[in-house]
Amino acid sequence: DAMVIQNPRYQVTQFGKPVTLSCSQTLNHNVMYWYQQKSSQAPKLLFHYYDKDFNNEADTPDNFQSRRPNTSFCFLDIRSPGLGDAAMYLCATSRGSGRGTYEQYFGPGTRLTVT
Amino acid sequence: AQSVTQLDSQVPVFEEAPVELRCNYSSSVSVYLFWYVQYPNQGLQLLLKYLSGSTLVKGINGFEAEFNKSQTSFHLRKPSVHISDTAEYFCAVQTTPLVFGKGTRLSVIA
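Now for a quick tour of the structure. (Residues numbered from 1 in each chain as written. Chains lettered and ligands numbered in written order. Predicted model: local features only at pLDDT ≥ 70, side-chain atom pairs only at ≥ 80, totals over all residues. Heavy atoms only, no water.)

Counted according to the given criterion, the structure contains 15 aromatic pairs over all chains. Members of the aromatic cluster, joined through ring pairs, are Y33(A), Y35(A), F106(A), F34(B), Y36(B), F90(B) and F100(B). A cation over an aromatic ring shows up here: R95(A) above the ring of Y102(A), its NZ or CZ 4.2 Å from the ring centre. (Phe/Tyr/Trp six-rings, centres within 6.5 Å; stacked < 30°, edge-to-face > 60°. Lys NZ or Arg CZ within 6 Å of the ring centre and 35° of its normal.)

So, in structure tokens, the structure goes:
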């Protein structure tokens, strides 16, 4: 089945220690998104790639970076995690065209704990 | 700018009873509307979508939603809920990016 895969499902890192979360997809979608979701809140978009074009949300901290080496993979790098960065991180994909983007398909998420 | 309001943060309902989760949106342009479900410690799963055409949309797991342009609503309904429907439900309006409501926690009571 075509899907969005996130690894690892659970990640523990130390305060200030860089961490990378990964996402891969077999849907061949050209748009990939990273969301942060804190407890009992809606997902909050951090950034997205439309093809190779990176689009950062205005309020995404500089501490968060992303890489998309190819269509299938996208990485979220947190350079110096703080306690406030503990959250579920969701990757999503969608088709995109000149008319806009379409429904998003989500991975299972990575729950990040910062100690 | 588009926005989404989910009027109920929590909805408790007895098993086999009907349920309606309310969603209102604001937009000055034509919209695509979605309902997603999130089970504990999992990602979001698309329940159903409205892109155009029939205003009554059927989704997975027996859910349906009705798009009402005059009331700018997209309420989610199920005639008979199961324990397994206990989850968080998010309404969303399509822009780039998606704009989510704050979610409604549906708790089904045996």
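Okay, back to it.
Right, let's talk about the environment of A92(A) for a bit. All names here are of chain A. One can find A92 in strand β9 (residues 87-94). Between the C-alpha atoms of A92 and Y33, which are 59 residues apart in sequence, the distance is 5.0 Å. Residues contacting A92, with those up to four places away along its chain left out, are V31, M32, Y33, Y35, Q104, Y105 and F106. (Helix = DSSP H or I, 4+ residues; strand = E, 2+ residues; numbered from the N terminus. Contact = heavy atoms within 4.5 Å.)

A separate point is the state of the cysteines. Tallying each qualifying case throughout the model produces two disulfides over all chains. Between the sulfur atoms of C23(A) and its disulfide mate C91(A) the distance is 2.0 Å. Across the S-S bond of C23(A) and C91(A) the torsion is about -75°, and the bridge reads as left-handed. Here the residue C23(A) occupies a position in strand β3 (residues 19-25), and C91(A) occupies one in strand β9, the gap between them amounting to 68 residues. C23(A) gets classed as buried once you look at its relative accessible area, which sits at 1%. On the accessibility criterion, C91(A) (0% relative accessible area) is buried. Across the disulfide, C23(B) is cross-linked to C91(B) (sulfur-sulfur distance 2.0 Å). Taking the sign of the torsion about the S-S bond as the criterion, the disulfide between C23(B) and C91(B), at about -65°, is left-handed. Highlighted residues: C23(B) in strand β4 (residues 23-26) and C91(B) in strand β10 (residues 87-93), separated in sequence by 68 residues. With respect to class, C23(B) is no different from C91(B); both count as buried. You can see C74(A) has no disulfide; the closest cysteine sulfur is in C91(A), sitting 6.0 Å from it. (Disulfide = S-S within 2.5 Å. Buried < 20%, exposed > 50% of the residue type's maximum accessible area, 1.4 Å probe, protein only.)

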